[in-house]
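Residue strings, one per chain:
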Amino acid sequence: MQEKGNISIHTENIFPIIKKFLYSDHEIFLRELVSNAVDATRKMQKLASMGEFSGEVGALKVQVMFDAEAKTITISDNGLGMTSEEIKKYINQIAFSGATEFVEKYKEKGDEKQIIGHFGLGFYSAFMVAATVEIHTLSYQEGAQSARWECDGSTSFEITPGSRTERGTDIILHIAEDSEEFLQKNRLQEILNKYCKFLPVAVFFEEEQVNNTAPLWTKSPSELKDEDYLAFYKELYPFSEDPLFWIHLNVDYPFELTGVLYFPKLKKDLELQKNKIQLYSRQVFITDEVKDVVPEFLMLLHGVIDSPDIPLNVSRSFLQADGNVKKINAHITKKVADKLGELFKNDRPSYESKWNDVGVFVKYGMLSDDKFYEKAKDFCLLKNTEDQYFTLEEYKEKVAPLQTDKDNKVVMLYTTDPGKQNTYIESLKKRSYDVLAFDTVIDNHFVGMLEQKLENIALKRVDSEVADKIIEKEEKIDSVLSEEQQNAVKALFEQTINDKNKTVLVQALPTYELPVTVTLPEFMRRMRDMNGMGGGMAMFGNMPEMLNVVVNANHALIQKIVDAKEDVEKQSLAKQVYDLGLLSHNMLSGADLTAFINRSVAMIGKN
Ligand code: ADP
Ligand code: MG
């Protein structure tokens, strides 16, 4: 008995559409067919466990084979099989109204890349690579007849009695000429390795099993040891360094989500480390572009997320608006915050030792997510130049006694480069001030945020003012120079420097301070930083660096300049101490530096 018919689809011919629109993703045909085979075996198992099948279930498995000469790829399973009635129902009637409408709608928009799967078109993805597809199947049902279905990609098909003698299904693809790349062993292996590595039923490619049916994230955390997590990390990323720690996700309400997220040791090139999280749906690999599912600030994490609740087959904009995705996002953020808080509480030394890596996530998270900020403010650490770590609260308490200014603000001092800003740091340490090290990329923004969020706190970079003035106190030091002398010194330096972007200030400072200190006022620097980042400050144009040149009225050398008889001598001394000031700000270079060195040599030689 042979039956011919038409696949009931209202669109004249769906296959050209499938083929055209799924162009970039042809390889997923194998994922679709193998996961159908896996589904069939699991349904078999389920039937047996419910007592609806009393025969021998046997070892369930899926087999993938290819024959380069015959140009076929075959996917076989010993799952529940289909009767010819079921073939008609499940395979032929693909054009239930939803799918047709969907295809119609999206073929204009050019945004239809992932129609397949979403509307149960999974099986038809076979036609992306095959000219003809055969199904040979025998249902588990008692007395079932085996059936054979064949279709050449037009809308007509034929069903005939089949020859399969054992329960299960073979899908035979007769590969089209333009898809012969899929008849290579390496290519098939690569695809299976990408999509099928963790499928829950044994999948064989030729003689070898390609999958681990019980990947780590499907197990209960209580039965797993650290070694297991580390081994799984190596399985996912064979050449990577061990991760710092990990989080096992396990939610079943209000959405289903399992997975393991690892905190990697960060490398210089952050971009390279993005998109390492793999997204699965019931152990079938979907994508490693997890944007929108994982909060932006956690994109640098590694690992696996598995959720049947993520709508995988729709466009990005839809994904962003999806309620489940938002909840998943929030859940991951919360889990990460909880884990970090726990690590901080339970083993602070180890947490501190990881801060260099973890800090980037924490700061980024605090900047981008208010909810995360609220949790993280208790375990976000500040590191000082002595490599000691403090929470925000602890640090405020530590520095308040010495570093509170006359307006009752606690002034936190920081360096962005302990090496280059050493002179300033040393000056501050003489006063027993503490200096924080803010030397990662993100700290620039982090400083601004802290100032906004923390009350009664000011943050100043060590070179923003001379040490004596950086934290303003009530008490004032008397000037050794008269006002007239001070004015003369100011004029002399202005003439020597001759640069309208540098402001000369003569101040009474302790005698042990340098004769001249060059400072970059905090306000000006932040303006420039923002300008540089294009942060809507473009009205300032290309801002020059506005520096202060602070002359210490009480320094013996300045006294010597005042006392000098010849103008030439005054000028050369002024030039020399000014250059010294520039030097300690790393601003002396090229011809100026050479001239400075030559003058110094000559001066030393004189005495
Ligand atoms: P989905 O998998 O989303 O249901 P598919 O187009 O991939 O959609 O498959 C359609 C239907 O065809 C399946 O739901 C199943 O009933 C049937 N089917 C496909 N492949 C097999 C198979 N190997 N064994 C048994 N039934 C199958
Ligand atoms: Mg399917």
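Note that the coordinates shown come from a computational prediction; the quantities given were computed from them, not determined experimentally. What you see as residue numbers is a count from 1 along each chain, following the sequence as written. Chain letters start at A and ligand numbers start at 1, both assigned in the order the entries are written. At least 70 in pLDDT is required for a residue's local features to be given in this predicted model, at least 80 for side-chain atom pairs to be given and counted, and no such filter applies to totals for whole chains, interfaces and linings, which use all residues. Each side-chain value is derived from all of the structure's non-hydrogen atoms; neither hydrogens nor water enter the calculation.

S.K.: Sorry if this is basic, but what is going on with the overall build of the chain here?
M.R.: Secondary structure assignment for the chain yields 20 helices and 22 strands. Throughout, the Shrake-Rupley method with a 1.4 Å probe supplies accessible areas, and for residues the shown protein chains are the sole cover considered. Accessible surface, the chain: about 30100 Å² in total, of which carbon and sulfur atoms supply 49%. Numbering of helices and strands runs from the N terminus, with a helix taken as a DSSP run of H or I at least four residues long and a strand as a DSSP run of E at least two residues long.

S.K.: So what exactly am I meant to see when it comes to the nonpolar core here?
M.R.: Grouped burial of nonpolar side chains is what soluble globular proteins tend to show. Of all hydrophobic cores here, the largest spans 64 residues; its most connected members are Val34, Ile75, Trp149 and Leu173. At 10 residues, the largest contribution of residues to this core is made by helix α2 (residues 28–49). When residues are assigned to domains, this core turns out to be shared by domain 1 (3–209) and domain 2 (216–346), each giving three or more. By definition in these notes, contact holds between two residues if any of their heavy atoms fall within 4.5 Å. In contact with Val34, not counting residues within four places along its chain, are Val62, Val64, Ile75, Leu192, Cys196, Leu199 and Val203. By nonpolar core we mean a set of buried residues, namely Ala, Val, Leu, Ile, Met, Phe, Trp, Tyr and Cys, connected to one another through side-chain atoms within 4.5 Å. Summary of the burial criterion: residues with accessible area below 20% of their type's maximum are buried, those above 50% are exposed, and those between are partly exposed, where the area comes from a 1.4 Å probe applied to protein chains only. Core analysis: the second largest hydrophobic core is formed by 60 residues, Leu261, Ile328, Tyr389 and Leu459 among them. What counts as a domain boundary in this text is fixed by an automatic or database domain assignment.

S.K.: So what exactly am I meant to see when it comes to the environment of Val516 here?
M.R.: You can see Val516 is positioned in strand β21 (residues 516–519). Classification of Val516 by relative accessible area gives buried; the value is 2%. Taking C-alpha positions, Val516 is 8.6 Å from Leu582, a pair spaced 66 residues apart along the chain. In contact with Val516, not counting residues within four places along its chain, are Phe493, Val549, Val550, Val551, Val577, Tyr578 and Gly581.

S.K.: Explain the sheet that holds strand β11 (residues 257–263) to me, please; I cannot follow it from the model alone.
M.R.: Think of a sheet as strands paired side by side through backbone hydrogen bonds, with each pair either parallel or antiparallel. Pairing within the open sheet is mixed, and its 5 strands lie in the order β10-β11-β14-β12-β13. Each end of this open sheet is capped by a strand with a single partner; those strands are β10 (245–251) and β13 (284–287). When the angles between neighbouring strand axes are averaged without regard to direction, this sheet yields 20°. One ladder, built from 5 bridges, connects β11 with strand β14 (residues 302–306); its direction is antiparallel. Note on β14: the bridge partner recorded for Tyr262 is His302. In the packing of helix α6 (residues 226–236) onto the sheet, contacts are made with β10, β11, β12 (277–281) and β14, and the angle to β11 comes to roughly 85°. Of the strands in this sheet, β10, β11 and β14 touch helix α8 (residues 323–346), which is tilted by about 135° from β10. Two strands are counted as paired when DSSP detects at least two bridges linking them. Note on geometry: axes are C-alpha line fits, over the in-contact stretch for helices, and angles between N-to-C directions span 0 to 180 degrees.

S.K.: Looking at this model, I keep getting lost on the confidence of the model for the chain. Mind explaining?
M.R.: The predicted coordinates should not be examined in detail at positions where pLDDT is low. The pLDDT value tells you how sure the predictor is about a given residue, anywhere from 0 up to 100. Across the chain, pLDDT averages 86, with 86% of residues at or above 70. In the model, residues 534–540 has pLDDT below 50 throughout and makes 7 contacts with residues more than four positions away in sequence or in other chains.

S.K.: Explanation requested: the pairing of strand β22 (residues 547–552) in the structure shown.
M.R.: The side chains of a regular strand alternate, first on one face of the sheet and then on the other. Of all 6 residues that make up β22, 6 are buried, and the element is covered over most of its length. Here β22 shows no split at all, with Leu547, Val549 and Val551 on one side and Asn548, Val550 and Asn552 on the other all buried. With 6 bridges connecting them, strand β20 (residues 502–507) and β22 associate as parallel partners. Across the sheet, residue Val504 finds its bridge partner in β22, namely Val549. The sheet contact formed by β21 and β22 spans 4 bridges and is antiparallel. Each residue of the ladder has a partner; that of Thr517, found in β22, is Val550.

S.K.: Just to check I follow, could you spell out the packing of aromatic side chains for this structure?
M.R.: The description of two aromatic rings rests on the distance between their centres and on the angle between their planes. Aromatic rings from Phe, Tyr and Trp, with only the six-membered ring used for Trp, were paired whenever their centres fell within 6.5 Å, and each pair was classed as stacked if the ring planes differed by under 30 degrees, edge-to-face if by over 60, and tilted otherwise. This structure, assessed with the given rule, holds 25 aromatic pairs. Each ring, one from Phe438 and one from Phe446, has its centre 6.0 Å from the other, and the planes form 90°; the classification is edge-to-face. Among the residues examined, Phe446 registers a relative accessible area of 0% and is labelled buried. Connected via pairs of aromatic rings, a cluster forms that spans Tyr195, Phe198, Trp217, Phe232, Tyr280 and Phe285. For a Lys NZ or an Arg CZ to count as sitting over a ring, it must be within 6 Å of the ring centre and within 35 degrees of the ring normal. Above the face of the Phe204 ring, Lys61 is positioned so that its terminal group lies 4.5 Å from the ring centre.

S.K.: Quick question: what am I supposed to make of the sheet that holds β21 here?
M.R.: Pairing is mixed across the open sheet formed by 3 strands, whose spatial order is β20-β22-β21. Because the sheet does not close on itself, it has two edges, and the strands there are β20 and β21. The sheet shows a mean angle of 25° between the axes of neighbouring strands, direction not considered.

S.K.: Just checking my understanding: could you explain the environment of Lys219 for this structure?
M.R.: Note that Lys219 resides in the loop between β9 (208–209) and α6. As a C-alpha pair, Lys219 and Gly259 span 40 residues in sequence and 9.7 Å in three-dimensional space.

S.K.: Could you clarify how one ought to interpret the packing of α2 against helix α5 (residues 185–195) in this entry?
M.R.: Relative orientation and spacing of two packed helices are given, respectively, by the angle between their axes and the distance between those axes. At a minimum axis separation of 9 Å, α2 and α5 run at an interaxial angle of 60°. Here α5 runs oblique to α2, going by the angle between their axes. Seen along the crossing, α2 lies across α5 with a hand that is right-handed. Packed against α2, whose contacting residues are Ile28, Leu30, Arg31 and Val34, the element α5 presents Leu188, Ile191, Leu192 and Tyr195 at the interface. Only Asp, Glu, Lys and Arg are considered charged in this grouping, and only Ala, Val, Leu, Ile, Met, Phe, Trp, Tyr, Cys and Pro are considered nonpolar; every other residue, Gly among them, is considered polar. Looking at the contact of α2 with α5 residue by residue, the classes come out as 7 nonpolar, no polar and 1 charged. Geometric relationships in this document are graded by angle, where less than 35 degrees denotes roughly parallel, more than 145 denotes roughly antiparallel, 65 to 115 denotes roughly perpendicular, and other angles denote oblique. In this scheme, a crossing is called left-handed if the near helix is turned counterclockwise away from the far one by less than a right angle; it is called right-handed if the turn is clockwise.

S.K.: Hey, could you run me through the environment of Tyr389 in this one?
M.R.: The topology assignment puts Tyr389 in strand β16 (residues 389–391). Tyr389 sits 37 residues away from Glu352 along the chain, and the two C-alpha atoms are 7.0 Å apart. Residues within four places of Tyr389 in sequence aside, it is in contact with Arg348, Glu352, Trp355, Leu381, Leu382, Lys383 and Glu394.

S.K.: In this structure, what is going on with a negative patch on the surface? I would like to understand it.
M.R.: Exposure above 30% relative accessible area and the absence of a salt bridge qualify a residue for a patch, where like charges join within 9 Å and nonpolar side chains (Val, Leu, Ile, Met, Phe, Trp, Tyr) within 5 Å. Should a side-chain nitrogen of Lys or Arg be within 4 Å of a carboxyl oxygen of Asp or Glu, the pair is scored as a salt bridge. His residues and chain termini do not enter the charge count, which takes Lys and Arg as positive and Asp and Glu as negative. All charge positions are set by atom: Lys at NZ, Arg at CZ, Asp at CG, Glu at CD. Residues Asp407, Glu472, Glu474 and Glu475 make up a contiguous surface patch of negative charge. In this structure, Glu475 sits in the loop between α15 (467–470) and α16 (483–497).

S.K.: In this structure, what is going on with unusual backbone geometry? I would like to understand it.
M.R.: For residues other than glycine, phi is negative in most cases, and the peptide bonds are mostly trans. Despite not being glycine, Ser432 shows a phi value in the positive range, around 65°. Note on placement: Ser432 falls in the loop between α13 (422–430) and β18 (435–437). The residue Asn586 is not glycine, and still its phi comes out positive at about 60°. The residue Asn586 is located in the loop between α19 (567–584) and α20 (590–606) in this model. On the basis of relative accessible area, Asn586 is assigned to the partly exposed category, the value being 45%.

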